[in-house]
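# Summary of structural features
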Amino acid sequence: MAIVEIKNMDLFYGAFQAIKKVNMSIEANRITSMIGPSGCGKSTLLRCLNRMNDNIEGIKITGKIDIDGIDILRSDEEFDVDALRRKVGMVFQRPNPFPLTVFENVAFGLRIHKLAKSSELSGLVEESLKAVMLWEDLKDRLGNNALNLSLEQRQRLCVARLIAVKPDIILLDEPCSALDPIATAKIEELMLELKKKYTIVIVTHNMQQAARVSDDTGFMLLGELVEFGKTSQIFTAPKEKKTEDYVTGRFG
Amino acid sequence: MFSRKVTDSIIEKLIFASGIAAILLVSLIFFFLLREGLGFFSEYSIKDFITGHFWYPTSKPAAFGILSLIMGSLFVTLGAAVIAVPVGVMAAFYISEVAPVSVRDVLKSGIELLAAIPSVVIGFIGMVTLVPLVRVMFDIPTGLSAFSGSLMLAFMAMPTIVSISEDAIRSVPWTYKEAALSLGATKWQTMYRIVLPAAAPGILAAVMLGIGRVIGETMAVMMITGNAAAIPESIFDPVRTMTATIAAEMGETVKGSMHYKGLFAIGLVLFVITFIINFIADTFLNRVKK
Ligand SMILES: Nc1ncnc2c1ncn2[C@@H]1O[C@H](COP(=O)(O)OP(=O)(O)OP(=O)(O)O)[C@@H](O)[C@H]1O
Ligand SMILES: [Mg+2]
């Protein structure tokens, strides 16, 4: 069953249309990747799913996005955007842990959503750090400032901070672009592990990465979703000429 | 017509000379302060000076205890800090995080305007409006009290605290806020749990600079604190500060007398206190820049 259903969505930054009539459904417990050349609207689309575009001036969105059958784009007052973001979390391109300790980074979401009594807090922090395979490395350094970690560790910490609040969907916007190949491979491993429990949508510039980790792939061009299907199909037997040109590197 | 090279070198020399002059002047001030102040301590013990309760510079025998003056400065300054810090920091948050752009611009120029009001003017306005108000509101014999002084000084520290805190808050990277919001934090939780700690060193520096400004303030406190050199028991008692003492008495002393030197010694104490406060503020500001 589709957990995210995007119907006829258009998005305008002022007069500029960044998303054009996109229709797409994302299945639960799968990894969906979005590929396409720079500026085609991947990040814009991703950020719609947890309403992170809300603060941009002059933005206008039409169409529908249903998550778990609820229309998240409606602007009526009683719709709780903070609750949506708890359910649909995001990991950014540049690892951006808070300038707090490792422990406080992971505990942040638990605290703000009051998900744990203080006695349960350290257990839950440990659980989240274990899930991203940071626990062994950091268990003696929980009180250190998170900004002193390596880039890869910081990005893992951002994932740990996110899964501590038990979201349903994890959005990743080029999560490996600041990392070296070895760290990238490790984060990819982590994604495959997380897929068992979460639905993952990843934006990537790296076509090999999309091919390696994702189950479904969408190819975007100039704001349009040109083709969407099983990853194996998109990369071996694309239906659209434009998709074929892009995945075989003959693009542009 | 001079050639451009000559003009250039003249301007260069002028700038150099004014730089040297500034340094020279400050060193001279410091030198006189030290000479007169330290001269005082060769004849009067430091301990009696700092801990003595009585400031009777003209009686025989004279007493030069400045504890009541230190307490006066402390009461007024602490009172000002208690009022100005929470209000100032909240105002800074409002300006940088909440206010719409148009309101923000108006407020910022308003605050800069506040900083430009001469302290005599603030003191005078305080004397004619605040002092009677405080007397009636708290039902005390005179409104000339530490409390009135604190209110006035809070008003004077506010522009410094607000504008420097606002800079600190605004320089917290957007990525931190974005991360907090994407975890479902409300705007308020983001401010309180992420932005405030991240901006804390800058805010602390702002507070220190604000306090540094008011502790040296003279005119306004002289006009509205009542000038009674006695150790205050409550914030509603009249007090006298170190700065007010120097300003009020310097004109009446005989140059070179003990009284004269004693006032310099007070200046020295004040200098040490402000130096320490500015030093702490600087340390925090440098930490922010790193
Ligand atoms: N805040 C904004 N205001 C106006 N235009 C914007 C804004 N953000 C993005 N755009 C434009 O919308 C288009 C899509 O941008 P988006 O960031 O979604 O692309 P992208 O596919 O993620 O690109 P990249 O691969 O470089 O990250 C681009 O043309 C961009 O210039
Ligand atoms: Mg992008």
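A brief report on the enclosed structure follows.

About the criteria used
Every chain is numbered on its own, with residues counted from 1 as its sequence reads. Each chain gets a letter, beginning with A, and each ligand a number, beginning with 1, in the order they are written. Per-residue local features of the predicted model are confined to residues with pLDDT of at least 70, and side-chain atom pairs are confined, for both listing and counting, to 80 or more; whole-chain, interface and lining totals are unaffected and use all residues. Each side-chain value is worked out from all heavy atoms of the structure, with water and hydrogens disregarded. Definitions used throughout: a 1 Å grid over protein atoms alone; a cavity as a set of points that fits a 1.4 Å probe which cannot get out; a pocket as an open set with protein on both sides within 12 Å along at least five of seven lines; a lining residue as one with an atom within 4 Å of a point. Grid points are joined across faces, edges and corners, and a volume is the space filled by probe spheres set on the points. Numbered from the N terminus, helices here are DSSP runs of H or I no shorter than four residues, and strands are runs of E no shorter than two. Think of it as three bins: nonpolar holds Ala, Val, Leu, Ile, Met, Phe, Trp, Tyr, Cys and Pro, charged holds Asp, Glu, Lys and Arg, and polar takes everything else, Gly as well. Strands were regarded as paired on the criterion that DSSP finds at least two bridges between them. Only protein chains enter the calculation, and the probe is 1.4 Å; a residue is then buried if its accessible area is under 20% of its type maximum, exposed if over 50%, and partly exposed in between. Near residues are defined by distance, with any heavy atom within 4 Å of the molecule or strand qualifying the residue. Within 3.5 Å is the distance limit for a polar contact, defined as a pair of N or O atoms, with the added protein rule that one can donate a hydrogen and the other accept it, and that residues adjacent in sequence qualify only through two side-chain atoms. In short, Shrake-Rupley with a 1.4 Å probe defines the accessible areas, and a residue's cover is counted only from the protein chains shown. The contact rule is simple, with two residues in contact once any of their heavy atoms fall within 4.5 Å. Here the quantity called buried area is the total loss of accessible area, with a 1.4 Å probe, experienced by two parts when brought into contact, counted for both. By convention in these notes, a salt bridge is any Lys or Arg side-chain nitrogen within 4 Å of a carboxyl oxygen on Asp or Glu.

## A look at the layout of surface pockets
Of the volumes computed, that of the largest pocket is approximately 650 Å³. The wall of the largest pocket is formed by 26 residues, among which A:Asn55, B:Glu97, B:Trp174, B:Leu181 and B:Lys187 lie closest to the centre. For the lining of the largest pocket, the secondary structure elements donating two or more residues are helix H2 (81–87) of chain A together with helix H3 (67–98), helix H4 (101–115), helix H7 (174–182) and helix H8 (187–215) of chain B. Looking at the lining of the largest pocket, its residues break down into 11 nonpolar, 4 polar and 11 charged.

## Topic: the sheet that holds strand S2 (residues 16–27) of chain A
With antiparallel pairing, the 4 strands of this open sheet are ordered in space as S2-S1-S4-S5 (chain A). Sheet topology places S2 and strand S5 (70–71) of chain A at the edges, where each strand pairs with a single neighbour.

## Observations concerning empty space enclosed by the protein
All names here are of chain A. Taken as a whole and judged by the stated rule, the model has 3 cavities of 30 Å³ or more. Roughly 50 Å³ of internal volume is contained in the largest cavity. What lines the largest cavity is Val159, Ile170, Leu172, Ile187, Leu190, Met191, Leu194 and Ile200. Looking at which element gives the most residues to the lining of the largest cavity, the answer is helix H7 (residues 181–194), with 4 residues. Broken down by class, the residue content of the lining of the largest cavity amounts to 8 nonpolar, no polar and no charged.

## Regarding the pairing of strand S9 (residues 216–221) of chain A
All names here are of chain A. The buried count for S9 comes to 6 of 6 residues, which makes it a mostly enclosed element. Taking every second residue as pointing to the same face, both faces of S9 are buried, with Asp216, Gly218 and Met220 on one and Thr217, Phe219 and Leu221 on the other. Across 4 bridges, the pairing between strand S3 (residues 31–35) and S9 is parallel. Among the inter-strand pairings, Thr32 is bridged to a residue of S9, identified as Asp216. In the sheet, S9 pairs with strand S10 (residues 224–230) via 6 bridges, with the strands oriented antiparallel. Among the inter-strand pairings, Met220 is bridged to a residue of S10, identified as Leu225. Linking S9 back to S10 in an antiparallel pair, the connection comprises 2 residues, with Leu222 at a positive phi of about 45°.

## What to know about the site of ligand 1
Residues and elements named next belong to chain A. Around ligand 1 sit 13 residues in total, of which Ser38, Gly39, Lys42, Ser43 and Thr44 are the nearest. With respect to ligand 1, the side chain of Thr44 contributes an N or O atom lying 2.4 Å from an oxygen atom. Between ligand 1 and His205 there is a distance of 3.0 Å, counted from an oxygen atom to a side-chain nitrogen or oxygen. Coverage of ligand 1 by the protein amounts to 63% of the 630 Å² it exposes when considered alone. Those elements that place two or more of their residues in the shell around ligand 1 are S2 and helix H1 (42–48). Residues that form the shell around ligand 1 fall into these classes: 5 nonpolar, 6 polar and 2 charged.

## A word on the interface of chain A and chain B
The interface of chain A with chain B comprises 23 residues on the first partner and 17 residues on the second. Taking both sides of the interface into account, the surface hidden between chain A and chain B amounts to around 1700 Å²; carbon and sulfur atoms contribute 67%. When the area that chain A buries against chain B is broken down by residue, the three leading residues are A:Phe98, A:Phe108 and A:Ile112, summing to 28%. Ionic pairing is found between A:Arg47 and B:Glu178, a salt bridge with its closest N-O pair at 2.9 Å. Scanning the region where chain A abuts chain B turns up 4 residue pairs in polar contact (both at pLDDT 80 or more). At the level of secondary structure, the elements contributing two or more residues to the side of chain A that touches chain B comprise H2, strand S6 (88–91), helix H3 (102–112) and helix H6 (151–163) of chain A. Counted by class, the side of chain A that touches chain B contains 12 nonpolar, 5 polar and 6 charged residues.

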